[in-house]
Each structure stands twice: as structure tokens, then as C-alpha cells.
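# Structural features, examined
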Amino acid sequence: MNENEPASAGAEYRDGNPVRQARDWITCGRQLVLQQQSLWYGMAALYIVLGFLLTLIPFMGHLLLILITPMLLAGVIWGRSQERPVAPAAGTPAQRILQEWVAQPAQELMCVFTQEGRMFAAVLLGIVTLGLVMVVKIIGYLLIGGSMIAGLAADLAGDTSFLTLLGMVLVTFLSVLLGMGLLYSVPLTVLGNRQPLDAISESFTACRVHAKPLLALVAPFFLVYVVILAAFANSPWLGSLLTVSIGLLALPLFIAAVYCSYLALFPPDPSNPRR
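This write-up is about the structure you can find in this document. (Residues numbered from 1 in each chain as written. Predicted model: local features only at pLDDT ≥ 70, side-chain atom pairs only at ≥ 80, totals over all residues. Heavy atoms only, no water.)

Note that Pro18 resides in helix α1 (residues 18-35). With relative accessibility at 24%, the residue Pro18 sits in the partly exposed group. In sequence terms Pro18 and Ala211 are 193 residues apart; their C-alpha atoms lie 8.9 Å from each other. (Helix = DSSP H or I, 4+ residues; strand = E, 2+ residues; numbered from the N terminus. Buried < 20%, exposed > 50% of the residue type's maximum accessible area, 1.4 Å probe, protein only.)

Following this line, the structure appears as C-alpha cells:
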């Protein structure tokens, strides 16, 4: 465990009050973020900017973002698991800001590519994730006739048929199942040395077994996602504004809280502390 992590990060999970457990994980994640604010918020900002740039590419942009997201997240998880403190920036104030908020976060996002074995696993996980997301998207296009945003926009306009509503329910159900499989897939692949499909299966099982605390953990962040999604359905500009404001604050906290929950549900092997 990183020496900068709070002591509660690897606390043993006890099946007690699920809301209290989720609150502890979020508190742990908040401590992680506050300890290195420039690093966490810098990584989130770079990811959001990259996402906006990729979405400018017709058709392929969203697919590329889905493909590289597990790889970038692997860099975040791998970097947080190592006992290597970030060196203080030097130079003029402008140079320090650039180093702390741009250069160091960019290096952290890419650090998994310096680890040959983990880089291959992260790339393979990205490919598998893209394939699974594409299956759900194809089903969505067949049943809804477009994306979930398009379905929400049609619903707001009062043009949604009963079959379309059923399709939206089915796609939502499949998306939940996929989310359960992907929640811990990156740390299980990068830190747990699982193969991508095994990591997805184990992540799904963990989410099913510990459904109540994980639901309490994900619920507030999912609400933020729904608000942003609804904003995009109403106005792309409003959705973008909420993404760079609320999303920028929620994204690093969510990743850090999930990382804390991973350390609790999948405690490290004492015989291999560095994994």
C-alpha cells in the first residue's frame, strides 16, 4: 500500500451497515484526493479534455475513449499502489503549476505503459471492455433506435413508445450487469494479476455478494451521471458545462473511493505486498 494512503484504505470489510461502509470508503477516497489534489484533479481534467477531443472524431471517437479508458485507469491504480511519492515541482510559479497540474498527472496516467507485463494486460482489458460495451450499444440501437441520450430526449418530448421504453429498461439492466463486471476489473487485472475475463467475472461476483454497500457507494455518483446525461439530452452545452464542473469534482472522488473499497474487499497478499 502507498505510504500516503490513509490507514482506513485497506481496512477489512465487515458486513455491517452498508451505508456506513460506503461512507467510510468515500471518506477514505476523499482523504486520498485531498492528499494530492493537483495529481487527482489534474488527471481528471486531462481525461475530460481528452474525452471531449476524442468525441470530435465522428463515430470512432467514443469507441477510442472506451478503448483507452481502462489503460488510463490502470495507470492511476498502479501509480497509487506504489510507494513512490511525487517529487515537488521546481521553477517559477507558472512552471510549478504546469508541472503539478499537467505534467505529473499525465505521467501518472501513462505510467502503466512503463510496466511491460501490466501494459499488455491493460491493453487486452481495454479491447475486451470495448467489445462488451459494443454489444450493449448494438442491442440499444436495435431496441431504442439510437443511444440512451436519444431515448431520453424522445421521452422528454413525449414520443416514446412502449416498446422503446422496454428497450431502455433492458439496456439499463445490461448496462448494470456490465458495470458490475467492470467496477473492479482494472485493479484485479493490474494489481491482482488476473486475466481480463477472469477479472470481469470476479468483479461481477464481488458486486453481487457485496451488493448493498457497493450500491450505497455508487448511488450518489450515479445520480451525478444521470443529471449530466439528462443535461446532454436537453442541451449539449449544458451537459458539457456540468461535466467540467460537477464531473471534475466527482470523478476523482469516485475512482479513489472505489480503490479504497477494492483494498477492503480484496486485501493484498501479505507474502507479496508490492504485488
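Another point: the state of the cysteines. As used in these notes, a disulfide is a covalent bond between sulfur atoms, one from each of two cysteines. Summed over the entire model, instances satisfying the criterion amount to one disulfide. Between the sulfur of Cys28 and that of Cys260 lies a disulfide, 2.0 Å long from S to S. Taking the sign of the torsion about the S-S bond as the criterion, the disulfide between Cys28 and Cys260, at about -70°, is left-handed. Remark: Cys260 occurs in helix α11 (residues 236-265) and Cys28 occurs in helix α1; sequence separation between them is 232 residues. Judged by its relative accessible area of 1%, Cys28 is buried. (Disulfide = S-S within 2.5 Å.)

Attention now goes to the packing of aromatic side chains. Taken as a whole and judged by the stated rule, the model has five aromatic pairs. With centroids separated by 5.1 Å and ring planes inclined at 55°, the aromatic side chains of Phe221 and Phe254 adopt a geometry described as tilted. With Phe221 in helix α10 (residues 211-234) and Phe254 in helix α11, this pair connects stretches of sequence that are 33 residues apart. According to the relative accessible area criterion, Phe254 is partly exposed, its value standing at 22%. (Phe/Tyr/Trp six-rings, centres within 6.5 Å; stacked < 30°, edge-to-face > 60°.)

A contiguous nonpolar patch, built from Ile138, Leu142, Leu143, Leu170 and Phe173 and spanning about 500 Å² of accessible area, is present on the exposed surface. Those elements that place two or more of their residues in the nonpolar patch are α5 (116-144) and α7 (162-182). (Patch = residues over 30% accessible without salt bridge, like charges linked within 9 Å, V, L, I, M, F, W, Y side chains within 5 Å. Areas by Shrake-Rupley, 256 points an atom, 1.4 Å probe, with all protein chains shown as cover. Salt bridge = Lys/Arg side-chain N within 4 Å of Asp/Glu carboxyl O.)

The next thing to look at is helix α3 (residues 60-81). Since there are 3.6 residues in each turn of an α-helix, residues three or four apart along the chain are aligned in direction. Compared with an ideal rise of 1.5 Å per residue, which puts 22 residues at 32 Å, α3 spans 32 Å between its outermost C-alpha atoms and is within 8% of the ideal. Residue Ile68 marks the point of greatest curvature in α3, where the axis turns by about 35°; the proline Pro70 follows within four residues. (Expected span 1.5 Å × (residues − 1). Bend = angle between axes of the 7 residues up to and from the residue.)

With that settled, the discussion passes to the side chain of Arg80. By the element assignment, Arg80 lies in helix α3. Note on Arg80: relative accessible area 6%, which makes it buried.

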